[in-house]
Amino acid sequence: MSDKIPEGNRSARERLARQREQEKGREKRRRTLIVASAVVGVLALAAVVGLIAANVSKDGGEDTASGPAIAPSGASGEDALTLPVGAADAPSTLTIWEDFRCPVCAQFENALRDTVSELVNDGQVRVEYHLATIIDGNLGGSGSLRAANAAACAQDAGKFAPYHDVLFSNQPPEPDDAYGKNSRLIELAGKVQGLDTPEFRSCVEDGDHDSWVKKSDTAFRKGGFQGTPTVLLNGESVFPSKDGEQISPAALKKWILAANKGKKPGTAAPSEPDAPAPSSAASSSASPEGSATADGSATPSPQGDGPANPAAPSSAAGS
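**Things to note about the sheet that holds strand β5 (residues 230-233)**
By definition, the strands of a sheet pair up through backbone hydrogen bonds, in either a parallel or an antiparallel sense.
Part 1 of the argument: A sheet is described by the order of its strands in space; here five strands give the open sequence β1-β3-β2-β5-β6, paired in mixed fashion. A single partner strand is all that each edge strand has here, and the edge strands are β1 (83-85) and β6 (236-237).
Part 2 of the argument: For strand β2 (residues 92-98) and β5, the ladder comprises four bridges, and the chain directions are antiparallel. For T95, the partnering residue across the bridge sits in β5 and is L232.
Part 3 of the argument: Packed on one face of the sheet, helix α5 (residues 160-169) meets β1, β2 and β3 (125-131) and runs near 100° to β1.
Part 4 of the argument: This element, helix α9 (residues 249-259), spans β2, β3 and β5 of the sheet and lies at about 140° to β2.

**What to know about the state of the cysteines**
Part 1 of the argument: Within this structure, the stated rule accounts for one disulfide.
Part 2 of the argument: At a sulfur-sulfur separation of 2.1 Å, the disulfide partner of C153 is C203. As the torsion about the S-S bond is roughly -80°, the C153-C203 disulfide counts as left-handed. Here C203 lies in helix α7 (residues 198-206) and C153 lies in helix α4 (residues 143-156), a separation of 50 residues in the sequence.
Part 3 of the argument: Given the relative accessible area of 6%, C203 is considered buried.

Conventions we followed
- Residues numbered from 1 in each chain as written.
- Predicted model: local features only at pLDDT ≥ 70, side-chain atom pairs only at ≥ 80, totals over all residues.
- Heavy atoms only, no water.
- Pairing = 2+ DSSP bridges.
- Helix = DSSP H or I, 4+ residues; strand = E, 2+ residues; numbered from the N terminus.
- Contact = heavy atoms within 4.5 Å.
- Axes fitted to C-alpha atoms, helices over the stretch in contact; angles between N-to-C directions.
- Disulfide = S-S within 2.5 Å.
- Buried < 20%, exposed > 50% of the residue type's maximum accessible area, 1.4 Å probe, protein only.

In structure tokens form, the structure reads like this:
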């Protein structure tokens, strides 16, 4: 039997082989297209999720304050978003952006409070506080907003500085939205002499300054700051460090006195009514031994005149 294949059969087999190769090619291209489409879909979904997350963080949480932004008494600066403490003509200005739920803000305040108070009392520095609500946006809840509104109500009563200190000295753990309860904020007002009044309670419970707080938080995000606390000395960032030196009570004092060399201390009354300087005795509560950062890690609170060893600021971009 001959092993020769007739020419006609050979051509048919070759055509069949070519067709199979063409079909394999088409199938390969089809699968590639499907995979590529799936990848594009996943990336698009990730972009949408990222946009949603960013918008939630920028909005500062689920709370939606409505109505006009009513600035607290004595607020100053652009759009009246600054709460000033200290002599108006002090030679240096310390600008601080904070969130009352931010654990690193509490570390900064509890470690540096006495030094800042001393420098304010000596007319060396004026502190300009600004309030943000990024933890509400990152973790949910309303404690940042509620506490900031309560602090603004304390400003109306000329008690912002000591109440501010009480809030940071008694700050709950970051995931605990205890400051979302007005009753807790009013309870803590009892630690500030003369603050727990019907007017203060009404201001807190009615959220008189909620829209103002929202406006302040918007200004924080538009300012391009990376997180809280943001601490600026005469416009220059000094937290967590300056010129390679970590912030500490001794370092901050050195930096401010160096900036004030040859300048007279301030003596002009602060713009806020009856504004006391930050009080180191605002609360007998000691600073916490450790606080959870936005990523859940524990960081020790700096104390004394040694290096502050600050943790990274709470991020404004979301956790």
